[in-house]
Amino acid sequence: MSEFKTGLNFALKLDRSDKLSHFRNQFHIPKHKDGTECIYLCGNSLGLQPKITPAYINQELKDWAELGVEGHVHGKNPWLSYHELLADNMATIVGAKPIEVVVMNTLTTNLHLMMVSFYKPTTKRYKILIEGDAFPSDKYAVESQLRHHGYDDKEGLILWNSREGEELLRYEDLESILKKKGDEIAMIMIGGVNYYTGQFLDLKRITELGHKYGCIVGFDCAHGAGNVNLDLHQSGADFAIWCSYKYLNSGPGSLSGVFVHEKHAYNKNLNRFTGWWSHNKETRFKMRDEFDMLPGAEGWQLSNPPILSMAAIKASLDVFADAGMDNLVSKSKQLTAYFEFLLNELHNDNIKIITPSNENERGCQLSIQVKNANKSLHHKLTEAGVISDWREPDVIRCAPVPLYNSFEDIYNMVERLKLILDEK
Ligand SMILES: *Cc1c(COP(=O)(O)O)cnc(C)c1O
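Definitions and cut-offs
- Throughout this description, residue numbers start from 1 for each chain and increase along the sequence as written.
- Selection of residues for local features in this predicted model requires a pLDDT of at least 70, selection of side-chain atom pairs for listing and counting requires 80 or more, and totals for whole chains, interfaces and linings are taken over all residues.
- The side-chain figures draw on all heavy atoms in the structure; neither hydrogens nor water molecules are used.
- Any two strands with at least two DSSP bridges between them are considered paired.
- Counting from the N terminus, the helices are DSSP H or I runs at least four residues long and the strands are E runs at least two residues long.
- Angles here are taken between N-to-C directions and fall from 0 to 180 degrees, while the axes themselves are lines fitted to C-alpha atoms, restricted in helices to the stretch in contact.
- The contact rule is simple, with two residues in contact once any of their heavy atoms fall within 4.5 Å.
- Domain ranges listed in this record stem from an automatic or a database domain assignment.
- As used here, buried area is the combined drop in accessible area, with a 1.4 Å probe, of two parts when they are placed together.
- Here a salt bridge means any side-chain nitrogen of Lys or Arg lying within 4 Å of a carboxyl oxygen belonging to Asp or Glu.
- Here's how the labels work: a residue is buried when its accessible area is under 20% of the maximum for its type, exposed when over 50%, partly exposed in between, all with a 1.4 Å probe on protein chains only.
- Between 30 and 60 degrees the pair is tilted, below 30 it is stacked and above 60 it is edge-to-face, where a pair is any two Phe, Tyr or Trp rings, Trp via its six-membered ring, whose centres lie within 6.5 Å.
- The criterion is that NZ of a Lys, or CZ of an Arg, lies within 6 Å of the ring centre and within 35 degrees of the ring normal, and then a charge sits over that ring.

Student: Just checking my understanding: could you explain the sheet that holds strand 6 (residues 216-220) for this structure?
Tutor: Pairing between sheet strands relies on hydrogen bonds along the backbone, with the strands arranged either parallel or antiparallel. The seven strands are arranged 2-8-7-6-5-3-4 in an open sheet whose pairing can be described as mixed. At either end of the open sheet lies a strand with only one pairing partner, and these are strand 2 (101-104) and strand 4 (157-160). Here the strands of the sheet are splayed against their neighbours by 20 degrees on average, with no regard to which way each runs. When strand 7 (residues 239-243) meets strand 8 (residues 256-260), the two strands line up antiparallel, connected through five bridges. Residue pairing across strands places Phe239 opposite Val260, the latter belonging to strand 8. Where helix 4 (residues 84-94) meets the sheet, it contacts strand 2 and strand 7, and its direction lies at approximately 115 degrees from that of strand 2. Against the sheet, helix 5 (residues 107-118) makes contact with strand 2, strand 5 (185-191), strand 6, strand 7 and strand 8, and its axis sits at roughly 170 degrees relative to strand 7, the strand it touches most.

Student: Can you help me understand the domain arrangement of the protein chain in this one?
Tutor: Quite often, the size of an interface is put as the accessible area lost when its parts meet. For the protein chain, the assigned domains are domain 1 (8-44 + 325-423) and domain 2 (57-321). The C-alpha centroid of domain 2 is placed 29 Å from the C-alpha centroid of domain 1. Taken together, the contacts link 30 residues of domain 1 with 19 residues of domain 2. Carbon and sulfur atoms make up 56% of the area that domain 1 and domain 2 hide from each other, which totals about 2000 Å². Interface area lost by domain 1 to domain 2 is led by Asn44, Met325 and Ile354, which between them contribute 27%. In this assembly, domain 1 and domain 2 are joined by zero salt bridges.

Student: Honestly, the pattern of salt bridges in this entry has me stumped. Any pointers?
Tutor: Side chains carrying opposite charge are able to pair once their charged atoms draw close together. Here the structure, examined in full by the defined rule, presents 24 salt bridges. For Lys281, the salt bridge identified is with Glu84, shortest N-O distance 2.6 Å. You can see Lys281 sitting in the loop between strand 8 and helix 10 (307-323) and its partner Glu84 sitting in helix 4, a full 197 residues away along the chain. For Glu84, a relative accessible area of 36% corresponds to the partly exposed category. Residues Glu423 and Lys380 are paired through a salt bridge, measuring 3.5 Å at the closest nitrogen-oxygen approach. Highlighted residues: Glu423 in helix 13 (residues 407-423) and Lys380 in helix 12 (residues 375-383), separated in sequence by 43 residues. Members of the salt-bridge network, linked through shared partners, are Arg163, Glu166, Arg170, Glu172 and Asp173.

Student: Hey, could you run me through the pairing of strand 2 in this one?
Tutor: A regular strand carries its side chains on alternate faces of the sheet. Neither face of strand 2 is left uncovered, since the one carrying Val101 and Val103 and the one carrying Val102 and Met104 both have all their residues buried. Where strand 2 meets strand 8, four bridges bridge the pair, whose relative direction is antiparallel. Its bridge partner being in strand 8, Val101 is matched across the sheet by Phe259.

Student: Honestly, the packing of aromatic side chains in this entry has me stumped. Any pointers?
Tutor: Scanning the model with the defined rule gives 16 aromatic pairs in all. Seen from their ring centres, Phe27 and Tyr404 are 5.1 Å apart, and the 55 degrees between their planes marks the pair as tilted. Placement of the pair is Phe27 in the loop between helix 1 (8-16) and strand 1 (39-40) and Tyr404 in the loop between strand 13 (395-398) and helix 13, with a sequence separation of 377 residues. Classification of Tyr404 by relative accessible area gives buried; the value is 1%. Ring plane angle 20 degrees and centroid distance 6.2 Å describe the contact between Phe118 and Trp300, whose orientation is recorded as stacked. Here the residue Phe118 occupies a position in helix 5, and Trp300 occupies one in the loop between strand 8 and helix 10, the gap between them amounting to 182 residues. Chaining the aromatic ring pairs together yields one cluster made of Phe4, Phe10, Tyr338, Phe341 and Phe407. Above the face of the Phe135 ring, Lys246 is positioned so that its terminal group lies 5.0 Å from the ring centre. The residue whose ring lies beneath Arg284 is Trp277, and the NZ or CZ to ring-centre distance is 4.0 Å.

Student: Looking at this model, I keep getting lost on the sheet that holds strand 13. Mind explaining?
Tutor: Strand order across the open sheet formed by four strands is 9-10-13-12, with antiparallel pairing between neighbours. Edge positions in the sheet fall to strand 9 (351-353) and strand 12 (389-391), since each of these pairs with one other strand and no more. Taking each pair of neighbouring strands and ignoring which way they run, the sheet shows an average axis angle of 30 degrees. In this sheet, strand 13 lies alongside strand 10 (residues 366-370) in antiparallel orientation, the contact comprising four bridges. When the bridges of strand 13 are listed, Ser367 appears paired with Arg397.

Set out below in structure tokens:
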């Protein structure tokens, strides 16, 4: 028996017993053209703006106006060490130690910087393994690294595909690839939560498998950070990267997070691209020294960072610290299960949820495949005030985000979807 019931009253009851429901008020919810709040299910693409964000940015604008260059040292939050203010909260969100995390650059840039250090091809072992439907930017980045090192990008790329007629990845298929070709593979780089299906992979299991065959293992956690408990340190992964504008609500194009496992923190032999921000903080401004590497993830920084963007991240991380990742994950599981329940209650053979039904193998996203659908379905949903995401050929991706989505949102979304599907 399901813990859920149909009907609006039940949704309202769930909202009343939701300990995190007051967080919705801390966000700006976009308005539909009729003036009502949209049902915003696109936090996996661009998270909403916390209402406190402008104050955090204004603080830095004010210090800049009043102090000029002195803000680097005498600002309320001195800019020289501003990134350090983000490390603890960010590390907590992704399950890492502060020394393992830094916020810098953007996601694809950081993927390249990580590959400079961790993709170390040899004549015998130079291939890269990614998942078959990897996010395009990751695939392009990895292919360009193969070419950069003089390899053929088709021959050098090994794909972990789902089986014919299936959407989800199976670990036994990864294992059989590694059994056959493990000694040719230099690096495994996988999306921790798949952007298309929403499948949350077992990072520890993949890492252990990869390491057993001598491969470096890294993850793109763009769809995982702030969505699921990643436990990056425990996973043993060599590196990970993610962006802060999806579930981390830090604004369009905002900076990326990087994880480098503690076991690499003091390794000076690991090749890297460097700049003055990778150099020892104590002597950085003497400007004459031999390069002296900062230990930990910070040692991968190149430049002094954009403080205004970091201020938005700081605001968002403070909201996360307030809500607590465990509370968020627990509400997320309930919210998504309720969404799944209502979709199943439609008893419509034309829709199929391709996201795993096991709550530990997904985050908040449900990807709904609609038979014979085209993009007009997505337009109709938008017209009805539901902001979702369309992926060709026939999938609507919806992410009920525990910080600002309500059970009522989910109820209304499914009612509107039902009306549109019944129209045909
Ligand atoms: C969102 C996303 C990106 C985007 O990369 P940017 O460098 O931030 O533009 C890359 N990879 C994955 C898996 C993503 O989900």
